[in-house]
Amino acid sequence: MADVPPGILSTAGLSKSFGGLRAVRDVTLTLNARELHAVIGPNGAGKTTFVNLLTGELAPTSGRLYLEGRDITGTRPWEMPRLGVSRSFQRTNILKTLSVLENVRLAVQAVKLPVRDILSAPHTKASLVEAARRALDRVGLSAHDKTVSGVLSHDAQRQLEIAMALASEPKALLLDEPLAGMGPEEGERMVVLLQSLAREHAVLLIEHDMDFVFKVADRMTVLVEGAVLTTGKPSEVRANRAVQTAYLGSPA
């Protein structure tokens, strides 16, 4: 029997091919508890495909996926939050005609209720609302619970999506470009939020803003053409000549 990687969420030789294109190639990665692990790479490096493999949106061509040592390869995406793997998306994925609280309550409902009870009057279940309010408080949106989510600012909508991901009380939180579309001030608030979340969860971050990544990451993995170029602390990655050439740009 092959050795099972350590950590909260782990991959062993994970690969994904689309016809003749190998989008992800033999990626072995470990996401540890109370750690923010950033995955960076040029456009087309396979970052989002990799996250889609971690969340069951795509089935791997080969390789294995483990959650706390348990093989969860092939788990369907709607089952992942119930196991403890939640994500946000590159593009905001909220129900804009519903209130902020209703968005998060629905996310709690999808995870906490047995399937047979999903269509029962969940809005009357106080425990669901309480869990939703805890998630909103965690991201700083408690004061906007009655606000229609479609009128929120862009950065507040991103916070709402993170609250929805937190609704399942995940072991692993996967965030795909949470800074997309944000200005410097909003970005600084997101830095504080993600650093705080990483003290409680295993957080995997996909992000293009290098200043942001080097500020918040505990560990980094660089993907190039779907394969791992290097993994290490931000200072080690910054000093890596191969990374400078492939992604950050060679020093003058």
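Preceding block: the structure.
On a predicted model such as this, the values are computed, not experimentally measured, just so you know. (Residues numbered from 1 in each chain as written. Predicted model: local features only at pLDDT ≥ 70, side-chain atom pairs only at ≥ 80, totals over all residues. Heavy atoms only, no water.)

Novice: What is the right way to read the pattern of salt bridges from this model?
Specialist: Pairs may arise between side chains of opposite charge once their charged atoms sit close together. As enumerated under the stated definition, the model contains 13 salt bridges in all. The closest approach of N and O atoms between Glu 161 and Arg 158, which form a salt bridge, is 3.7 Å. One end of the pair, Glu 161, and the other, Arg 158, are both in helix α5 (residues 154–166), 3 residues apart, so they sit about a helical turn from each other. Each member of the pair, Glu 161 as well as Arg 158, carries the same accessibility label: buried. Connected through salt bridges with shared partners, the residues Arg 133, Asp 145 and Lys 146 form a single ionic network. (Salt bridge = Lys/Arg side-chain N within 4 Å of Asp/Glu carboxyl O. Helix = DSSP H or I, 4+ residues; strand = E, 2+ residues; numbered from the N terminus. Buried < 20%, exposed > 50% of the residue type's maximum accessible area, 1.4 Å probe, protein only.)

Novice: Quick question: what am I supposed to make of the pairing of strand β1 (residues 9–18) here?
Specialist: Every regular strand shows the same layout, with side chains that alternate between the two sheet faces. In terms of strand pairing, β1 meets strand β2 (residues 21–31) through 7 bridges, oriented antiparallel. Opposite Leu 14, over in β2, you have Val 27 as the bridge partner. Connecting the antiparallel pair β1 and β2 is a turn made up of 2 residues, with Gly 19 showing a positive phi of about 65°. Sheet topology places β1 next to strand β4 (residues 62–67); 5 bridges connect them, and they run antiparallel. For Ser 10, the partnering residue across the bridge sits in β4 and is Tyr 66. (Pairing = 2+ DSSP bridges.)

Novice: Can you walk me through the nonpolar core in this structure?
Specialist: Soluble globular proteins tend to pack their nonpolar side chains together in the buried interior. Within the largest apolar cluster, 48 residues are counted, with the highest numbers of intra-cluster contacts made by Val 104, Leu 160, Ile 162 and Leu 194. If you tally residues by element for this core, the top one is α5, at 7 residues. Not counting residues up to four positions away in its chain, the partners in contact with Leu 160 are Ile 94, Val 100, Asn 103, Val 104, Leu 136, Leu 141, Ser 149 and Leu 152. Ranked by size, the runner-up nonpolar core spans 24 residues in total, among them Phe 50, Ile 72, Leu 204 and Ile 206. (Core = buried A, V, L, I, M, F, W, Y, C linked by side-chain atoms within 4.5 Å. Contact = heavy atoms within 4.5 Å.)

Such coordinate-based values are descriptive only and should not be taken to indicate function.
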